[in-house]
Amino acid sequence: MDAGQGLSTDEVQSIREALAAGRKPRVVFTASAGQIAGQVGQVVELTDPEVSDEFVVVRFGRDELPFSPADLAVAPKGAGRRVAEPKAEPEPPAAPVVAEPEFVLDTPRVPAQRQEEPKVEQAEKATPARRAVKAVKPKGPAGLTVTLAYADGEWTVAAQQGSKALAKPYVVKPAEALKMVALVDVPGVQEAVEQILGTERAEAEQQAEKLRAELAEIEARLAELREAR
């Protein structure tokens, strides 16, 4: 039995067609599969090769484990019959042991140890294989940042998602800025915005008073000029 070569692309496609037809093709484990090299199993499923390189699910004994195509080769005809014989060999020694009373106390310990060893090896082999089939988590969308800023007497709003600018800073009215801050419901931030608006309001009132006084002087001067006609 040649277990040195892995499955080719055409052989994987043939296995996929056989599974679609309801058959379970037999494969033999290659040297890259480790201690089970030369053993025969049945392909029961082909998963997505883009998720994991180990996408060929093989039934070996009572386990169904994923392997890569390099770990497997197409089994020769009659290979399944040879695999069944080693599984039946550990059972016959148990019968003659019971028939001889002298060895009843000694012999159960030896078969128990020999039967437990391959189970431990299979468990150790199965653990990394099952971990390799973990699905890759999809990447989430980039974070979104909306910024409300105040500088040089103007309020601006900008939006950015990751490194991409969705909206360049544009000017908004003070009343709109106050509404946005009210949605945050943070007393310290709201007080800071109200303080800025109060300062701007006081400066605007002073400028308005100054303009009114200048306008009154201009109107008085204009009245004097009219009387001088």
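Preceding this section is the structure that the text describes.
Residues numbered from 1 in each chain as written. Predicted model: local features only at pLDDT ≥ 70, side-chain atom pairs only at ≥ 80, totals over all residues. Heavy atoms only, no water.

### Re the nonpolar core
Counting residues in each nonpolar core, the largest one holds 16 residues, and the members touching the most others are Phe29, Val43, Leu46, Val56, Val58, Phe67 and Leu72. Secondary-structure elements contributing two or more residues to this core are α1 (9–20), β1 (26–29), β2 (40–46), β3 (56–60) and β4 (63–67). The element contributing the most residues to this core is β3, with three residues. Sequence-distant contacts of Leu72, defined by excluding residues within four places in its chain, comprise Gln5, Gly6, Leu7, Val27, Val28, Phe29, Thr30, Val56, Val58 and Phe67. (Core = buried A, V, L, I, M, F, W, Y, C linked by side-chain atoms within 4.5 Å. Buried < 20%, exposed > 50% of the residue type's maximum accessible area, 1.4 Å probe, protein only. Helix = DSSP H or I, 4+ residues; strand = E, 2+ residues; numbered from the N terminus. Contact = heavy atoms within 4.5 Å.)

### What to know about the sheet that holds β3
Spatially, five strands are ordered β4-β3-β2-β1-β5 in an open sheet, and the strand pairing comes out antiparallel. Edge positions in the sheet fall to β4 and β5 (72–74), since each has one partner strand and no second. On average, each strand axis in the sheet is inclined to that of its neighbour by 45°, with strand direction left out of account. Bridge analysis of β3 against β4 gives five bridges, and the strand direction is antiparallel. Paired with Phe60 across the strands is Asp63, a residue of β4. Sheet contacts for α1: β1, β2 and β5; angle to β2, the most-contacted strand, approximately 75°. (Pairing = 2+ DSSP bridges. Axes fitted to C-alpha atoms, helices over the stretch in contact; angles between N-to-C directions.)

### Re the packing of aromatic side chains
Considering all chains together, one arrives at two aromatic pairs under this definition. The interplanar angle of 80° and the centroid separation of 5.3 Å between the aromatic rings of Phe29 and Phe60 together place this pair among those described as edge-to-face. Residue Phe29 is found in strand β1, and its partner Phe60 is found in strand β3; the two are separated by 31 residues along the sequence. As far as burial versus exposure is concerned, Phe29 and Phe60 are alike and both buried. Put simply, the rings of Phe29, Phe60 and Phe67 touch in pairs and so form one group of aromatic residues. (Phe/Tyr/Trp six-rings, centres within 6.5 Å; stacked < 30°, edge-to-face > 60°.)

### Some details on unusual backbone geometry
Even without a glycine there, the phi angle at Asp152 is positive, about 55°. Along the chain, Asp152 falls in the loop between β6 (144–151) and β7 (154–161).

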